[in-house]
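What the coordinates show
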Amino acid sequence: MVLLHVLFEHAAGYALFAVKEVEEIGMLLPQVEASVLNLGKFNSMVSLAAFFPFKSAQAALENMNAISEGVVHADLKLFLETNLPLTGKKKAVLGVSDSKIGAALQEEFSLSIQTGGVVNEVTRGIRIHFHSLVKGLTALAASKAQLGLGHSYSRAKVKFNVNRADNMIIQSIALLDQLDKDINTFSMRVREWYGYHFPELIKIVSENSMYCRLAQLIGNRKELSEESLESLEEVVMDGAKAQAILEASRSSMGMDISPIDLINIERFSNRVVSLAAYRLELQEYLRSKMSQVAPNLAALIGDVVGARLISHAGSLTNLAKYPASTVQILGAEKALFRALKTRGNTPKYGLIFHSTFIGRAAAKNKGRISRYLANKCTIASRIDCFSEIPTSVFGDKLRDQVEERLSFYESGEVPRKNVDVMKEAVKEATDVAAEIKRKLEKKEKKRKKREKKLLELESNGGTNDDKEVENGEADATVVKKKKRAAEEMEIQAEEPVNNENGAETPAKKKKKRKSEAVEAVETETIADNGSEVIETPSKKKKKKVNVESVDTEPAEEIPLTPGTEKKKKKKNC
């Protein structure tokens, strides 16, 4: 007799249900499908054997991730080991809804797993009546647990993007294609609109962006003269063409145009020119992203074609999973199914037709080179997807191999063996990877050093600020005294010398003694403050000094006291 247990994974926890009369349920499957919706009838078929609630939302998320990846979590293993009757007379069968987790459980416990048929119908009934089958669980609590787990699972999937940044490439190439269409449409509109005024310009200039720039530059063709020939040459990059435009404007058959219409044409052509400039910037951005995400594929087949392949596959990982035969006709699905339906010839190439290799090959060799190129694209995409450090070494080597194959088809020159080329590529790639690692380590060390210095500066910031304030005050006092000394020197230079023979008046002697006393006091105060000490000569030495030297050398510091100011005023009077 078979004893069937059904495992049900819910946001609230794991549940194990025992199914009664499995053989009868299997025979009467249509009646079971009808009775699943009725709780009374369903209770007679299924009973709850065990329930294991999750401890937290984080634990629920971990178990959910494990189940989605087909891995048996430790909680699930413990739950089944405890509650599932693995030994006994009755043969235990575990029913699961997902075949991936079923295979993992079969490998882990070595028991028979059942999926589909009866299990699907029983699981459907459990999903509907789960809150009624488990005691203490309400429908509101179950829905809240499902909502919370759904949100956290989605957030984790958005954060952990295994496709790296290839979604940016997908958006960029889609926008690039859209911009090409829009620029062509808008340029035709400018041609039609400005063609009423200057129809001859369409034949002279065929490029769309150049035509829009010329429409913006010329404006009213009647105002075009020899002076504007140089600016025309800058836009057209051809002197003969610029001269032809100037001559055509003089004998044009176009109608006159009002200033308001001309302003609108100029504004619209300005928009088209700015769109064309943005397209160039976007192409550069796409090139940089491809060099980061898929450098080997970009080196082999080009940035735009490689980005289109990634976009069509959905991600770089999906492209890496495709076989070479799928990559070869990727983008030609309509032609493939039409050929299968009409039993005609299947397409030889899809998006890879835009690469330069297929265009350079002869007509009879196009299919062969496209097959070979698709093979190399598959190798390059797998290396880009699963390598840790992105380098373009393998892409360059694969490109050389395609070039050699092309020359082999044309001239019969035997190409190198794939093993030899890959050995060279592996050697170069290891050297490049080591160099990149060394640079990254160097950058990391510099960053850590910078952070350490910043932390030290922040910690020492308070003490340094106090010291700077003290030093600033001391410097301010020294500067003030120097200014005073300079002012005194100017005043003494202006004063007339009374005695030509060098004899000093008694007023001057008194003044000199006072200044010496003041200087001695100032030097003492400066020495106390910790600044520079200016030595003053003693009185005895000053008496021995000649009078002429005293008159010629000005005093170093004479402070402006009220008494000295009065004496100076009297002298001047």
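Calculation notes
- Residues numbered from 1 in each chain as written.
- Predicted model: local features only at pLDDT ≥ 70, side-chain atom pairs only at ≥ 80, totals over all residues.
- Heavy atoms only, no water.
- UniProt positions renumbered as here; feature names shortened; annotations may be inferred.
- Helix = DSSP H or I, 4+ residues; strand = E, 2+ residues; numbered from the N terminus.
- Contact = heavy atoms within 4.5 Å.
- Areas by Shrake-Rupley, 256 points an atom, 1.4 Å probe, with all protein chains shown as cover.
- Expected span 1.5 Å × (residues − 1).
- Buried < 20%, exposed > 50% of the residue type's maximum accessible area, 1.4 Å probe, protein only.
- Arc of directions from axis to C-beta.
- Salt bridge = Lys/Arg side-chain N within 4 Å of Asp/Glu carboxyl O.
- Axes fitted to C-alpha atoms, helices over the stretch in contact; angles between N-to-C directions.
- Parallel < 35°, antiparallel > 145°, perpendicular 65-115°, else oblique.
- Left-handed = near helix turned anticlockwise from the far one by under 90°.
- Nonpolar A, V, L, I, M, F, W, Y, C, P; charged D, E, K, R; others polar.
- Patch = residues over 30% accessible without salt bridge, like charges linked within 9 Å, V, L, I, M, F, W, Y side chains within 5 Å.
- Lys, Arg positive; Asp, Glu negative; His and termini not counted.
- Charge placed at Lys NZ, Arg CZ, Asp CG, Glu CD.
- Phe/Tyr/Trp six-rings, centres within 6.5 Å; stacked < 30°, edge-to-face > 60°.
- Lys NZ or Arg CZ within 6 Å of the ring centre and 35° of its normal.
- Polar contact = N/O pair within 3.5 Å; in protein donor to acceptor, adjacent residues only side chain to side chain.
- pLDDT = per-residue confidence, 0-100.
- Core = buried A, V, L, I, M, F, W, Y, C linked by side-chain atoms within 4.5 Å.
- Pairing = 2+ DSSP bridges.

Looking at an unreviewed UniProt entry, one finds the chain named Nucleolar protein 56 and attributed to Gouania willdenowi. Under the heading Subcellular location (unreviewed entry), UniProt records this for the chain: "Nucleus, Nucleolus". Check the Sequence similarities (unreviewed entry) section of the UniProt entry for the chain; it says "Belongs to the NOP5/NOP56 family."

Some thoughts on the overall build of the chain
The number of helices and strands found in the chain is 28 helices and 5 strands. A separation of at least 24 residues holds for 67% of the contacts in the chain among residues at least 6 apart in sequence. Of the roughly 35800 Å² that the chain leaves accessible, carbon and sulfur atoms contribute 55%.

Notes on helix H13 (residues 239-250)
With 12 residues, H13 should reach 16 Å at 1.5 Å per residue; the first-to-last C-alpha distance of 17 Å fits that figure. Three or more residues of H13 are buried, namely Ala 242, Ile 245, Leu 246, Ala 248 and Ser 249. Down the axis of H13, the buried side of the element spans an arc of 165°, and every buried residue falls inside it. Exposed residues lying more than 90 degrees from the buried face of H13 are Ala 240 and Arg 250. Among the structural elements, helix H10 (200-204), helix H11 (208-218) and helix H12 (229-236) are those in contact with the buried residues of H13.

A few points about the pattern of salt bridges
This structure, assessed with the given rule, holds 17 salt bridges. Among the ionic pairs, Asp 303 bridges to Arg 287, the shortest N-O distance being 3.4 Å. Residue Asp 303 is found in helix H16 (residues 303-313), and its partner Arg 287 is found in helix H14 (residues 259-293); the two are separated by 16 residues along the sequence. In this structure, Glu 404 and Arg 416 form a salt bridge, with 2.9 Å as the shortest nitrogen-oxygen distance. Here Glu 404 is found in helix H22 (residues 393-411), whereas its partner Arg 416 is found in the loop between H22 and helix H23 (418-459), with 12 residues between them in sequence. The exposure class assigned to Arg 416 is partly exposed, which follows from its relative accessible area of 35%. One network of salt bridges, with partners in common, ties together Lys 397, Glu 404, Arg 416, Glu 424 and Glu 428.

Details of the packing of helix H9 (residues 166-195) against H14
Two elements in contact, H9 and H14, have axes whose closest approach is 9 Å; the angle formed by their N-to-C orientations is 155°. Accordingly, the angle class assigned to the pair H9 and H14 is roughly antiparallel. The two elements H9 and H14 cross, and the hand of that crossing is left-handed. Residue composition of the contact of H9 with H14, grouped by class: 23 nonpolar, 5 polar and 5 charged.

Considerations on a negative patch on the surface
Together, Glu 230, Glu 233, Glu 234 and Asp 238 give the surface a local cluster of negative charge. Tracing the chain through its elements places Glu 230 in helix H12. Look at Glu 230 and you get exposed, because its relative accessible area is 59%.

Let's talk about the packing of aromatic side chains
Here the distance between the centres and the angle between the planes together describe a pair of aromatic rings. For the structure on display, the rule yields 11 aromatic pairs. Considering the side-chain rings of Phe 408 and Tyr 409, the 5.9 Å spacing of their centres and the 45° angle between planes classify their relative orientation as tilted. Given a relative accessible area of 28%, Phe 408 falls into the partly exposed group. Residue class for Tyr 409 comes out buried when judged on its relative accessible area of 17%. Ring pairs connect the aromatic residues Tyr 14, Phe 52, Phe 54 and Phe 79, which therefore count as one cluster. Sitting over the ring of Tyr 211, Arg 191 keeps its end group 4.8 Å from the ring centre.

Topic: the environment of Ser 269
Relative to the helices and strands, Ser 269 is located in helix H14. For Ser 269, a relative accessible area of 0% puts it in the buried group. Residues Ser 269 and Tyr 194, 75 residues apart in the sequence, show an inter-C-alpha distance of 9.6 Å. Setting aside its immediate chain neighbours within four residues, Ser 269 contacts Val 190, Cys 212 and Gln 216. Here the side chain of Ser 269 touches Glu 266 through a polar contact of 2.8 Å, landing on its backbone oxygen.

As for helix H5 (residues 74-83)
Every buried residue of H5 is accounted for by Leu 76, Phe 79 and Leu 80. The buried residues of H5 occupy an angular sector of 90° when projected down its axis, which confines them to one face. The exposed set on the far side of H5, more than 90 degrees from its buried face, consists of Ala 74, Leu 78 and Thr 82.

Here we look at the confidence of the model for the chain
Should the pLDDT be low somewhere, the predicted coordinates at that spot are not to be read in detail. When pLDDT is averaged across the chain, the result is 80; 76% of the residues are at 70 or more. Contacts for the low-pLDDT stretch residues 495-512, under 50 throughout, to residues beyond four places or in other chains number 16 contacts. Across residues 521-562, confidence stays below pLDDT 50; counting only partners more than four residues off in sequence or on other chains, it has 46 contacts.

Let's talk about unusual backbone geometry
The backbone phi angle of Met 237 is positive, close to 60°, even though this residue is not glycine. Here Met 237 is to be found in the loop between H12 and H13. Positive phi values are uncommon outside glycine, yet Arg 343 reaches one of about 60°. Along the chain, Arg 343 turns up in the loop between helix H19 (333-342) and helix H20 (356-360).

Things to note about the nonpolar core
Among the nonpolar cores identified, the biggest contains 40 residues, and Met 290, Leu 297, Leu 300, Ile 301, Ile 310, Leu 319 and Leu 373 are the most heavily contacted of them. For this core, the secondary structure elements donating two or more residues are H9, H14, helix H15 (295-301), H16, helix H17 (316-321), H20, helix H21 (366-386) and H22. Broken down by element, the residue count for this core peaks at 7 residues, all from H21. Excluding residues within four positions of it along the chain, Ile 301 makes contact with Gly 306, Leu 309, Ile 352, Ser 355, Leu 373, Cys 377 and Arg 399. Within the second largest apolar cluster, 24 residues are counted, among which are Val 205, Ile 245, Leu 246 and Ile 265.

A few points about the pairing of strand S2 (residues 13-19)
Counting buried residues along S2, 7 of its 7 residues qualify, which places the element largely inside the surrounding structure. Pairing geometry for S2 and strand S3 (residues 46-53), over 7 bridges, is antiparallel. Bridge pairing links Tyr 14 to Phe 52 in S3.

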